[in-house]
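Okay, here's what each chain looks like letter by letter:
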Amino acid sequence: MVAVLFIVFVVALAIGVPVAFSLGLASVAYMLGSHIQMINFAQYFFKGLDSFTLLCIPGFTFAGNLMNQGGISDKLLDFADALVGHITGGLAYANVLASMVFAGISGTALSDTVALGGVEIPMMVNQGYDVPFSVAITAASSCLGPIIPPSITLIVYASITNVSVSKLFIGSVIPGLLLVVCLMGYALVYAKRNNLPAHEKMPAKEVAKTFKSSIWALLMPIIILGGIFGGIFTATEAAAVAVVYALIVSLFIYKDTKWSELPASFVEASVSTATIMVMVGLSKASSYVVVTSGLPALLLDTFSSLTESRVLILLLLNLLFLIIGMLMEANAAIIMMTPILMPLLTLYGINPLMFGIVMSFNLCIGLVTPPVGLCLLLSNQIGETSLSKSLKALMPLLLISIVVLLLITYVDPLTTWLPSLLKK
C-alpha cells in the first residue's frame, strides 16, 4: 500500500495538482484501500488547524500587506541609501539593508521582491550598475524574508512540530544577519573590482530627515523581536500587536492607506491565510496516513543503513532540500517532508529547532534557483534582461548562501544560543 501512496502522489504532481492536494489525494487513495476509516481524515484535518500558533499567520500577513502599501519601500530604500550610498557600490549595500528591514515586516520573499525590486533595480541601473548584478543582488537579498522573523515558513514548521515559534524566530536572527553580512561583503568586493558608482555623502541634516520619515517602519521589527525576546508577549500576540501598529502607522502617520483600501487588504490576507491553512490541515491528515503506512520507518531504515554519522546525515538532508527547493514552494516542502523526517531527527539526535531553521534557510535558496526560482524570475522580469546572464551573476551569491547554510548546519550555537536566552 505504500506504493499506492507514492504512485498517486507522483501522478497527481505530474498532472499539475498542487502539492498539498496531491498529498491529500494520495492519503485518501491509501485509506480507501486499507482498514483506516475515512472519518479519521476529517478529524486530523481539523486537528491540524486547531493550533494557537497558526493565529500568527493572518496577523503577520495582514500587517505586512498594510506596511507594503504606499511609499514604505521607498522610505526604507531612501534611508539605507542615505547611510551607505556614498560608499563605492553603496546602492548594492542599501539593497541588502532595505531587504533586511523589510523582511522584519513582510515575512515573505515575494513581497520583498515585489515591493523593493521594482524600486531598487531601476534605481541601480539608472546609476550605472550592471543589470544582471542588480537583478542578482535583489533576488538574493529577497530571500531574507523567510529567514529573518517574522517568517511564515517557520510558523508553518512550528505548527507541525510543536517547536516554539518564538524560539524559532529568535534562532533565525543570527543566520539572517550572517547572510546579510556575507551578501554585503560580496557586494563590497564586486564594487571595488568593477568600480561601481557612489553619490556624494549626504549632509547630516538630510540623513536625519530621511531617518525621521522612515522611523515608524524601522520600529516595527524592533517592537516584534523586542517583545518576543523580552518575554513581553508570545509570537501570536506579537502578530496582533503588529496589526494594530501597522494600522496606526498606515492610516494616521504615513497616511498612505485609505479606509476604503482596507477591505482589499483584508481579502488579500484572508486568501493567503486560507491557502496556508488548507495546506497545514491536509498535512496533518496526510501525516497520519503516512505514519500509519510505515513510510517514515522505511526511510529511517534506508538512511541508517547508509551511515551512522550525524555529519553525513545532515549533509544528505541538505542536498535533499536543495533539490526539493528547486522544484517546490517552501511551505509545501515543509508540510510534505517534516512528518516523514521527524523520526530521523530523533534517531540521530538532531535538534528540531536547529533543523527547522536550517530547512527553512535551505528552501529559501530554492527561491532563486531554476526551474521554480520565483524571486529570480520576478527580479529578472523587472530588470528585463537575459535569465542566463542574471543566473551567472547570481552564482557567487548562491555559493555564499550555501556556505552560510553549512555553517548554521554544523555550528549549533548559531541557531540555538539566542533561543537558550529566551525567557520561559
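Values in this document were obtained by computation on a predicted structure and should not be read as measured data.

A. Main features of the overall build of the protein. Each helix and strand in the protein was counted, giving 21 helices and zero strands. Relative to the 2.2 N^0.38 estimate, which gives 22 Å for 424 residues, the radius of gyration of the protein is 22 Å and therefore close to what a compact globule would have. Its C-alpha atoms put the protein at 75 × 45 × 45 Å along the principal axes. In the protein, of all internal contacts separated by at least 6 residues, the share reaching a separation of at least 24 is 79%. Of the accessible surface of the protein, which amounts to about 17700 Å², a share of 69% is contributed by carbon and sulfur atoms. Within the protein, one finds 17 positive and 18 negative side-chain charges whose respective centroids are separated by 7 Å.

B. Focus on helix α12 (residues 204–229). Over its 26 residues, α12 extends only 33 Å from the first C-alpha to the last, a length that falls short of the 38 Å expected when each residue adds 1.5 Å. Along α12, the positions that sit buried rather than exposed are Thr210, Ser214, Ala217, Leu218, Met220, Pro221, Ile224, Gly227 and Ile228. Of the residues flanking the end of α12, it is Gly231, one or two places downstream, whose phi is positive at about 75 degrees.

C. Up close: unusual backbone geometry. The amide bond that connects Pro149 to the next residue, Pro150, takes the cis arrangement and shows omega of 0 degrees. Relative to the elements of secondary structure, Pro150 occurs in the loop between α8 (131–142) and α9 (152–161). The phi angle at Lys255 is positive, at roughly 55 degrees, despite the residue not being glycine. The topology assignment puts Lys255 in the loop between α13 (235–253) and α14 (262–293). Residue classification places Lys255 among the exposed positions, given a relative accessible area of 63%. In this model, Glu384 sits at a positive phi of 50 degrees, which is unusual for a non-glycine residue.

D. Spatial organisation of α13. Helix length check: α13 (19 residues) gives 25 Å between terminal C-alpha atoms against 27 Å at 1.5 Å per residue, within 8%. Taken together, the buried positions of α13 are Ala235, Thr236, Ala238, Ala239, Ala242, Val243, Tyr245, Ala246, Val249, Ser250 and Leu251. Looking at the residues trailing α13, positive phi occurs at Lys255, about 55 degrees.

E. Molecular detail of the packing of aromatic side chains. Evaluated as defined, the whole model comprises seven aromatic pairs. Centre to centre, the rings of Phe133 and Tyr190 are 4.1 Å apart; their planes meet at 5 degrees, and the pair counts as stacked. With Phe133 in helix α8 and Tyr190 in helix α11 (residues 173–194), this residue pair connects regions lying 57 residues apart in the sequence. Geometrically, the ring pair formed by Tyr186 and Tyr190 is tilted, given 6.0 Å between the ring centres and 40 degrees between the ring planes. Of this pair, Tyr186 and Tyr190 are both found in helix α11, four residues apart, which corresponds to roughly one turn of the helix. Of the residues examined, Tyr186 reaches a relative accessible area of 18% and is grouped as buried.

F. Structural detail: the nonpolar core. Among the nonpolar cores identified, the biggest contains 137 residues, and Phe60, Phe133, Met220, Ile350 and Phe355 are the most heavily contacted of them. In terms of residue count, helix α6 (residues 90–106) provides more of this core than any other element does, eleven residues in total. For Met220, the residues in contact, after removing those within four places along its chain, are Ala63, Met67, Ile105, Ala242, Tyr245 and Ala246.

G. Structural view of the pattern of salt bridges. Taken as a whole and judged by the stated rule, the model has one salt bridge. Between Asp412 and Arg310 there is a salt bridge, with its nearest N and O atoms 3.6 Å apart. One end of the pair, Asp412, is in the loop between α20 (387–410) and α21 (413–421); the other, Arg310, is in helix α16 (residues 310–327), and 102 residues separate them in sequence.

H. Focus on the packing of α8 against helix α19 (residues 374–383). Where α8 contacts α19, the axes come no closer than 9 Å and their chain directions differ by 145 degrees. Read as a crossing pair, α8 and α19 show a hand that is right-handed. Contacts between α8 and α19 involve Val131, Val135, Thr138, Ala139 and Ser142 on the former and, on the latter, Cys375, Leu376, Ser379, Asn380 and Gly383. Taken together, the residues of the contact of α8 with α19 break down into five nonpolar, five polar and no charged.

I. Summary view of the side chain of Ser379. Structurally, Ser379 is set in helix α19. Of the residues examined, Ser379 reaches a relative accessible area of 0% and is grouped as buried. Sequence-distant contacts of Ser379, that is, excluding residues within four places in its chain, are made with Thr113, Ile121, Val135, Thr138 and Ala139.

J. Spotlight on the environment of Ser388. Tracing the sequence through the fold places Ser388 in helix α20. Sequence separation between Ser388 and Leu196 is 192 residues, and the spatial gap between their C-alpha atoms is 22 Å.

K. Inspection of a nonpolar patch on the surface at higher detail. On the surface, a cluster of nonpolar side chains totalling about 700 Å² of accessible area is made up of Val311, Leu312, Leu315, Leu319, Val403, Leu406, Leu407, Tyr410 and Val411. Put simply, the parts of the chain that give the nonpolar patch at least two residues each are α16 and α20. In this fold, Val411 is placed in the loop between α20 and α21. For Val411, a relative accessible area of 36% translates into the label partly exposed.

L. The arrangement of the side chain of Ser142 in detail. The topology assignment puts Ser142 in helix α8. Ser142 sits in the buried class, given a relative accessible area of 0%. Not counting chain neighbours up to four residues away, the residues in contact with Ser142 comprise Ser99, Ala109, Asp112, Thr113 and Cys375.

M. Representation of the packing of helix α7 (residues 109–126) against α19 within the structure. The contact between α7 and α19 brings their axes to 10 Å, and the two run at 25 degrees. Here α7 is positioned roughly parallel relative to α19, judged by the angle of their axes. α19 is crossed by α7, and the crossing has right-handed handedness. For the pair α7 and α19, the contacting residues are Ala109, Leu110, Thr113, Val114, Gly117, Gly118, Ile121 and Pro122 in the first and Leu374, Cys375, Leu378, Ser379, Ile382 and Gly383 in the second. Per-class residue counts for the contact of α7 with α19 are nine nonpolar, five polar and no charged.

Rules behind the numbers
Residues numbered from 1 in each chain as written. Predicted model: local features only at pLDDT ≥ 70, side-chain atom pairs only at ≥ 80, totals over all residues. Heavy atoms only, no water. Helix = DSSP H or I, 4+ residues; strand = E, 2+ residues; numbered from the N terminus. Rg over C-alpha atoms; globule rule 2.2 N^0.38 Å. Contact = heavy atoms within 4.5 Å. Areas by Shrake-Rupley, 256 points an atom, 1.4 Å probe, with all protein chains shown as cover. Lys, Arg positive; Asp, Glu negative; His and termini not counted. Charge placed at Lys NZ, Arg CZ, Asp CG, Glu CD. Expected span 1.5 Å × (residues − 1). Buried < 20%, exposed > 50% of the residue type's maximum accessible area, 1.4 Å probe, protein only. Phe/Tyr/Trp six-rings, centres within 6.5 Å; stacked < 30°, edge-to-face > 60°. Core = buried A, V, L, I, M, F, W, Y, C linked by side-chain atoms within 4.5 Å. Salt bridge = Lys/Arg side-chain N within 4 Å of Asp/Glu carboxyl O. Axes fitted to C-alpha atoms, helices over the stretch in contact; angles between N-to-C directions. Left-handed = near helix turned anticlockwise from the far one by under 90°. Nonpolar A, V, L, I, M, F, W, Y, C, P; charged D, E, K, R; others polar. Patch = residues over 30% accessible without salt bridge, like charges linked within 9 Å, V, L, I, M, F, W, Y side chains within 5 Å. Parallel < 35°, antiparallel > 145°, perpendicular 65-115°, else oblique.

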